[in-house]
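Structural characterization, general
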Amino acid sequence: QVQLVESGGGLVQAGGSLRLSCAGSGSTFSSNGIGWYRQGPGKQRELVAGIYSDGRTNYADSVRGRFTISRDNAKNTVYLQMNSLKPEDTAVYYCNLGAFFPLGSWGQGTQVTVSS
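Moving on: the pairing of strand β10 (residues 110-115). Side chains of β10 alternate between two faces, with Thr110, Val112 and Val114 buried and Gln111, Thr113 and Ser115 left unburied. Here four bridges tie strand β2 (residues 10-13) to β10, and the two strands are oriented parallel to one another. Bridge pairing in β10 links Leu11 to Thr113. Here strand β9 (residues 91-97) runs beside β10; their pairing, made up of three bridges, is antiparallel. Bridge assignment links Ala91 to a residue of β10, and that residue is Val112.

Printed below as a string of C-alpha cells:
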C-alpha cells in the first residue's frame, strides 16, 4: 500500500507562488496515478490536478494555466507548482491515489492561505 505525505503549504500574497510536494512510499508508487485535491472553507473537497503513471495530466478549469503537476518517480514524489495564486485558492491541499477521483485514505493535508 502506498502511503502519501503532503508538504509545502504556507501563507502567500495574491499573485505569489508555492510548490507542494507529495512524498510516497512503496515500490509501486510509479505505477499509480496521483491527484492533488483541496478543500476550501465551507466547500466540498475537489480535484485540483492529477497525473497518471504515463505522465498524462488533467486539471480543474479553475487552475488550468496557473498550476502544474509533475512527478519524479526516482524520488517517489509528485509536485504541484502553483503560480498566480488567488485568495480563492485558499484551502487544505491533499494528495491521494487516483488522478481523477480519490482511491485511498486521506492524510493530514497541507494548508495554503492566499491573502489579498
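What follows continues from the structure just given.
For the rest of this paragraph, the subject is the side chain of Glu6. In this structure, Glu6 sits in strand β1 (residues 3-7). Arg45 provides the closest opposite charge to the buried, unpaired Glu6, separated from it by 7.6 Å. Within the structure, Glu6 has its side chain in polar contact with the backbone nitrogen of Cys95 (distance 3.1 Å). Here the side chain of Glu6 touches Gly109 through a polar contact of 3.1 Å, landing on its backbone nitrogen. With near-sequence residues (within four places) excluded, Glu6 lies in contact with Ser21, Trp36, Tyr93, Tyr94, Cys95, Gly107, Gln108, Gly109 and Thr110.

One key point about sheets: their strands pair by backbone hydrogen bonds, in either a parallel or an antiparallel sense. Taking strand neighbours across the sheet as the criterion, the six strands line up as β2-β10-β9-β4-β5-β6 in an open arrangement whose pairing is mixed. The open sheet terminates on both sides in strands that have one partner only, identified here as β2 and β6 (57-59). On average, each strand axis in the sheet is inclined to that of its neighbour by 25°, with strand direction left out of account. Relative to strand β5 (residues 46-51), strand β4 (residues 34-39) runs antiparallel, the two sharing five bridges. Residue pairing across strands places Trp36 opposite Ala49, the latter belonging to β5.

Scanning the model with the defined rule gives three aromatic pairs in all. On the basis of an interplanar angle of 80° and a centroid distance of 6.3 Å, the ring pair of Phe100 and Phe101 is categorised as edge-to-face. Members of the aromatic cluster, connected to one another through ring pairs, are Tyr37, Tyr94 and Trp106. Taking the ring centre of Tyr94 as reference, the NZ or CZ of Arg45 above it sits at 4.2 Å. Over the ring of Trp106 we find Arg45; its NZ or CZ atom is 4.0 Å from the centre of that ring.

Calculation notes
- Residues numbered from 1 in each chain as written.
- Predicted model: local features only at pLDDT ≥ 70, side-chain atom pairs only at ≥ 80, totals over all residues.
- Heavy atoms only, no water.
- Buried < 20%, exposed > 50% of the residue type's maximum accessible area, 1.4 Å probe, protein only.
- Helix = DSSP H or I, 4+ residues; strand = E, 2+ residues; numbered from the N terminus.
- Pairing = 2+ DSSP bridges.
- Lys, Arg positive; Asp, Glu negative; His and termini not counted.
- Salt bridge = Lys/Arg side-chain N within 4 Å of Asp/Glu carboxyl O.
- Polar contact = N/O pair within 3.5 Å; in protein donor to acceptor, adjacent residues only side chain to side chain.
- Contact = heavy atoms within 4.5 Å.
- Axes fitted to C-alpha atoms, helices over the stretch in contact; angles between N-to-C directions.
- Phe/Tyr/Trp six-rings, centres within 6.5 Å; stacked < 30°, edge-to-face > 60°.
- Lys NZ or Arg CZ within 6 Å of the ring centre and 35° of its normal.

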